[in-house]
Amino acid sequence: TISCTDKNGKTIGWKEMKDKYILLDFWASWDKASMAAQDSLVNVQKALKKEKFLICSVSLDLDKEAWLKASDRDTTQWKQICDFRGWNNTIIKGQDIHELPSNILLDKNKRIIARDIRGKELIDKVKELIQKDKDRELERKRKKNK
């Protein structure tokens, strides 16, 4: 399950991410590699902004001010959540994450599709999945109309 607080103090859970492909991105303000990976997500978000896709960045920060400063630096185009428990975050433990940066691509049923997928490979995979959804929906409508 996901239940963490976003930058505005709102609790974010699966309900807020319904019917979307989700990239859970794991990072921390103190980790330079994961900060660079966060920066690269801007292009992914731009390429997929009209799709049923959502990025949810899960921070391992312990310091709220450092997290807020780093997450404001990045973007407001996707969900940024943190429970300030670091490596003891429930999502981190539940998904067996042991290094940063890391990410997990989930389908609409919250099943893992891929791990540590980035850039063009991520964009292409999400577009492929969305196209398959559209094709299935067209086929379903065709069968219904026969």
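Residues numbered from 1 in each chain as written. Predicted model: local features only at pLDDT ≥ 70, side-chain atom pairs only at ≥ 80, totals over all residues. Heavy atoms only, no water.

1. As for the pattern of salt bridges
Then, in step 1: If you walk through the whole model with that rule in mind, you get nine salt bridges.
Then, in step 2: Here Asp107 makes a salt bridge to Arg111, at a shortest N to O gap of 3.3 Å.
Then, in step 3: With relative accessibility at 13%, the residue Asp107 sits in the buried group.
Then, in step 4: Relative accessible area serves as the criterion here: at 52%, Arg111 is assigned to the exposed category.
Then, in step 5: Here the salt bridges do not stand alone but share partners, grouping Lys108, Asp133 and Arg136 into one network. (Salt bridge = Lys/Arg side-chain N within 4 Å of Asp/Glu carboxyl O. Buried < 20%, exposed > 50% of the residue type's maximum accessible area, 1.4 Å probe, protein only.)

2. Re unusual backbone geometry
Then, in step 1: With omega at -10°, the peptide bond leading from Leu100 into Pro101 counts as cis.
Then, in step 2: Within the secondary structure, Pro101 sits in the loop between helix H3 (90-94) and strand E6 (102-106).
Then, in step 3: In this structure, Phe84 is a non-glycine residue whose phi angle is positive, near 60°.
Then, in step 4: Here Phe84 falls in the partly exposed class, since its relative accessible area comes to 26%.
Then, in step 5: Even without being a glycine, Asp116 presents a positive backbone phi close to 50°.
Then, in step 6: Residue classification places Asp116 among the partly exposed positions, given a relative accessible area of 40%. (Helix = DSSP H or I, 4+ residues; strand = E, 2+ residues; numbered from the N terminus.)

Interpretation note: all reported values are geometric properties and have no functional meaning in isolation.
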